[in-house]
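Understanding the architecture of this molecule
Listed below are the residues making up each chain.
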Amino acid sequence: MFGVPLEGPTNVLCDNKSMVDNSTIPSSTLKKKHNAICYHRVREAVAAKVIRIAHIPTGQNLADMFTKPLGGSTLHEFCKRILYHMG
């Protein structure tokens, strides 16, 4: 969409192990209907090798700075990693 060529599947990193298992293991069962509808599309994308889902520990998940209240040192470290600040 932005004109940037992509080669290979897009990496999707999650800190929720059950979400990773439910989306990558076709035999796993989903107990709630709204989850089943959402994961159906994700499973299709994984099977088509459009996306690749992997687990990332909570302490390394940069998306947490946008979704969770973090302490000053953790927030500062995440900002440095996102902005490539050297100093």
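Let me begin by describing the structure that accompanies this report. (Residues numbered from 1 in each chain as written. Predicted model: local features only at pLDDT ≥ 70, side-chain atom pairs only at ≥ 80, totals over all residues. Heavy atoms only, no water.)

Considerations on the pattern of salt bridges
Heads up, the rule is: Salt bridges are defined as contacts in which a side-chain nitrogen from Lys or Arg sits within 4 Å of a carboxyl oxygen from Asp or Glu. Labels follow the DSSP assignment, with helices taken as runs of H or I lasting at least four residues and strands as runs of E lasting at least two, numbered in each case from the N terminus. Here the term buried applies to any residue with accessible area under 20% of the maximum for its type, exposed to any over 50%, and partly exposed to those in between, with areas from a 1.4 Å probe on protein chains only.
By the definition in use, this model includes five salt bridges. Linking Lys-17 and Asp-21 is a salt bridge whose minimum nitrogen-to-oxygen distance equals 3.7 Å. Of this pair, Lys-17 and Asp-21 both sit in helix α1 (residues 17-24), four residues apart, which is roughly one turn of the helix. Between Lys-80 and Glu-77 there is a salt bridge, with its nearest N and O atoms 3.8 Å apart. Residue Lys-80 and its partner Glu-77 are located together in helix α4 (residues 72-83), separated by three residues, close to a single helical turn. Overall, Lys-80 belongs to the partly exposed group, its relative accessible area being 25%. Overlapping salt bridges, with partners in common, bring together Asp-15, Asp-64 and Lys-68 in one network.

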